[in-house]
Every structure is written in structure tokens, then in C-alpha cells.
Amino acid sequence: SSCANEEKNNKDAHYLPLSAYLQAKSARSGETAEEKAAAFRELSSLAPDPQIVDFFRLKYDYHNAKVYLKSVAAGEDNSRLYLPMGRISPAMLTEACLTENYGSLPAGFAAALKESSETLGRTSDPRLADFILDKAYVKEMKDTAEKTRSEFLLGYAALYADALNLRALVRMLKSSVRPEQLKSVLTDCGSVRSTAITAAYPDAAAVLGLFKSTALA
């Protein structure tokens, strides 16, 4: 309805300046990670909807999860690579993994962390763990954007999901994997459905053509 659209537009009018600031804050190289983390915490307390800030903090949680799992796989201490700007401290993440008690973490992230950790333990393949975390990250992006009812953030999440699927698709085309394997790494959070991608696969021209109608074109 027109009222619903007007409400969404009003929300984006408030969110767009904050979103632009958060993106710039994430990319700024002159500040330390701790300074950026403090800024995110302050913004969470001041923002009209803290979930707009959480939307941009999600990537650091998933980055830290990958750092932890790759450290385990390689038997190395890569704690210097942790970034403290997420919703969850690296210490809390590490403790949850070591104790296999994920109850203190956000539900979606906890489920993905548990599954990726178990997959790594079973297969010793960090790439499979990465696929699980990537899909979960995109799902949390979309869910968070839906809660804010911001068209801008919904579009941002869909664009990221399309880019993730396209990267996975290019890797799979090079490896000549079976359609079933491709399906397992695709997300349905973008504008191109995974069923359409797997149906066109492995015809490279056909499957890449599906993305011509997206913002990636």
C-alpha cells in the first residue's frame, strides 16, 4: 500500500545517512580496530534502531569465525587477525567453540558456527566451513534488513547474495562439479533463485546470463 511504501521511504531517509557513515567507518584505514569497535558500540546505543548498526557488524562476526576455524585447521594462532567490531567479542566466540556451548551467541550465528566447526572436524576442509558461514551471513543480512524494513538494506543484502552466488558459480564452473554440489553452496537470498542457477548449469553462457538483470550487470 502507499502508506507502507511511505513508511519504508521514511525509514530509508533516516537510515541512508547512517548506513553511509557505517560503510565509511568500516573502510576507514586511519583508525584502529578498537576505535572502530567503540564507535559501533556508541552508534548502537544512539541509533533509532540498533539493528541498522548490527547489519554492518555482522561481517566481523563471520570474519572472526573463519579466522578461528582456519586457525584450528592449520594448528596456528591467528588471534592477531580477529576484528573486535562485531556483535560478539572474539573471546566469547573462542570460548563458545572450545566448550561447544553456543547458547550465549545469536541463534543464527550459533547454528552456523556449530555446523561449520563440526564440518571442519569431519572433513578437515576449511572451504566447506566457509561455504556454511557465507550462506549464514547472507541469511542474517537479509533477516536483519527485513526487520528494519529498509529497502536500501534489503537491496544491499540481495546484491551481496547475488555476488556470493556468482563467485561460487565461477569456482564451480572451473572445477566442473555436479549440480548437486553447486546447489549446496548457493543461497536463495539474492534476486536469482538457486533453482534457476542449477537448472542452467553447466551451460556457462546461460547461467551467467541469469545475472544480467541484477545490479551486478
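None of these values were measured; they are calculated from a predicted model.

1. Section: the overall build of the chain
Part 1: Regarding its fold elements, the chain presents ten helices and zero strands.
Part 2: The secondary structure elements of the chain, listed N-terminal to C-terminal, are α-α-α-α-α-α-α-α-α-α.
Part 3: Across the chain, the fraction of contacts at a sequence separation of at least 24, relative to all contacts at a separation of at least 6, is 58%.
Part 4: When the accessible surface of the chain is summed, it comes to about 11,400 Å², and 54% of that surface belongs to carbon and sulfur atoms.

2. A look at the packing of helix 3 (residues 50-74) against helix 5 (residues 107-123)
Part 1: Where helix 3 contacts helix 5, the two axes come as close as 11 Å, and the packing angle between them is 20 degrees. By the angle between their directions, the pair helix 3 and helix 5 is classed as roughly parallel. Taken as a pair, helix 3 and helix 5 cross one another with a handedness that is right-handed. Within the contact between the two elements, helix 3 uses D61, Y62, A65, L69 and A73 and helix 5 uses G108, F109, A112, L113, S116, S117 and L120.
Part 2: Considering only residue class, the contact of helix 3 with helix 5 consists of eight nonpolar, three polar and one charged.

3. Concerning empty space enclosed by the protein
Part 1: Tallied over the full model, the rule gives one cavity of 30 Å³ or more.
Part 2: Of the voids in this model, the largest cavity is the one considered here, and its volume is about 40 Å³.
Part 3: Taken together, F131, D134, L164, A168, R171 and V185 make up the full set of residues lining the largest cavity.
Part 4: Counting only elements with at least two residues in the lining of the largest cavity, the list comes to helix 6 (126-148) and helix 7 (151-175).
Part 5: No other element matches the three residues that helix 7 contributes to the lining of the largest cavity.

4. Details of unusual backbone geometry
It is generally the case that most residues other than glycine have a negative phi and that most peptide bonds are trans.
Part 1: Cis geometry is adopted by the peptide bond preceding P202, which originates at Y201 and carries an omega value of 10 degrees.
Part 2: Relative to the assigned elements, P202 resides in the loop between helix 9 (194-200) and helix 10 (204-209).
Part 3: Not every positive phi belongs to a glycine, and R149 is a case in point at roughly 60 degrees.
Part 4: Here R149 shows up in the loop between helix 6 and helix 7.
Part 5: Under the relative-accessibility criterion, R149 is labelled partly exposed at 33%.

Scoring rules and cut-offs
- Residues numbered from 1 in each chain as written.
- Predicted model: local features only at pLDDT ≥ 70, side-chain atom pairs only at ≥ 80, totals over all residues.
- Heavy atoms only, no water.
- Helix = DSSP H or I, 4+ residues; strand = E, 2+ residues; numbered from the N terminus.
- Contact = heavy atoms within 4.5 Å.
- Areas by Shrake-Rupley, 256 points an atom, 1.4 Å probe, with all protein chains shown as cover.
- Axes fitted to C-alpha atoms, helices over the stretch in contact; angles between N-to-C directions.
- Parallel < 35°, antiparallel > 145°, perpendicular 65-115°, else oblique.
- Left-handed = near helix turned anticlockwise from the far one by under 90°.
- Nonpolar A, V, L, I, M, F, W, Y, C, P; charged D, E, K, R; others polar.
- 1 Å grid on protein atoms, 1.4 Å probe; cavity = no way out; pocket = protein on both sides within 12 Å on 5 of 7 lines; lining within 4 Å.
- Points joined across faces, edges and corners; volume = space filled by probe spheres on them.
- Buried < 20%, exposed > 50% of the residue type's maximum accessible area, 1.4 Å probe, protein only.

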